[in-house]
Amino acid sequence: MIIYNDILQKLADAGYNTYRIRKENILPQSTLQRLREGKSITLDSLNIICHLTGCKVEELIEYRDEE
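Residues numbered from 1 in each chain as written. Predicted model: local features only at pLDDT ≥ 70, side-chain atom pairs only at ≥ 80, totals over all residues. Heavy atoms only, no water.

Some words on the environment of Val57
For Val57, the position within the fold is in helix 5 (residues 57-60). Using a relative accessible area of 36% as the deciding quantity, one classes Val57 as partly exposed. Sequence spacing of Val57 and Leu46 is 11 residues, and the spatial spacing of their C-alpha atoms is 7.7 Å. In contact with Val57, other than residues within four places in its own chain, are Leu46 and Cys50. (Helix = DSSP H or I, 4+ residues; strand = E, 2+ residues; numbered from the N terminus. Buried < 20%, exposed > 50% of the residue type's maximum accessible area, 1.4 Å probe, protein only. Contact = heavy atoms within 4.5 Å.)

Describing helix 4 (residues 43-53)
The complete set of buried residues in helix 4 reads Ser45, Leu46, Ile49, Cys50, Leu52 and Thr53. Projected down its long axis, helix 4 shows its buried positions confined to an angular sector of 165°, all on one face. Across from the buried face of helix 4, at angles greater than 90 degrees, the exposed residues are Leu43, Asp44, Asn47 and His51. Structurally, helix 4 contributes buried residues whose contacts are with helix 1 (7-13), helix 3 (29-37), helix 5 and strand 2 (61-63). Within two residues after helix 4, Gly54 carries a phi angle of roughly 75°, on the positive side. (Arc of directions from axis to C-beta.)

These figures come from the coordinates and say nothing about function on their own.
Encoded structure:
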């Protein structure tokens, strides 16, 4: 299972709070909701988040075996 590591906080630290993301149409509202719920997002969205935050993918996500 893929776990997202505080992506919304990392975006906020980079100056992209959810209001700005919605207002400037940077990511779809559905992507923000999926991040809040811990659900999967597209690789395109992940690529945008990496670009905005300056983080590598491995800083944003991790894989854990489901038990």
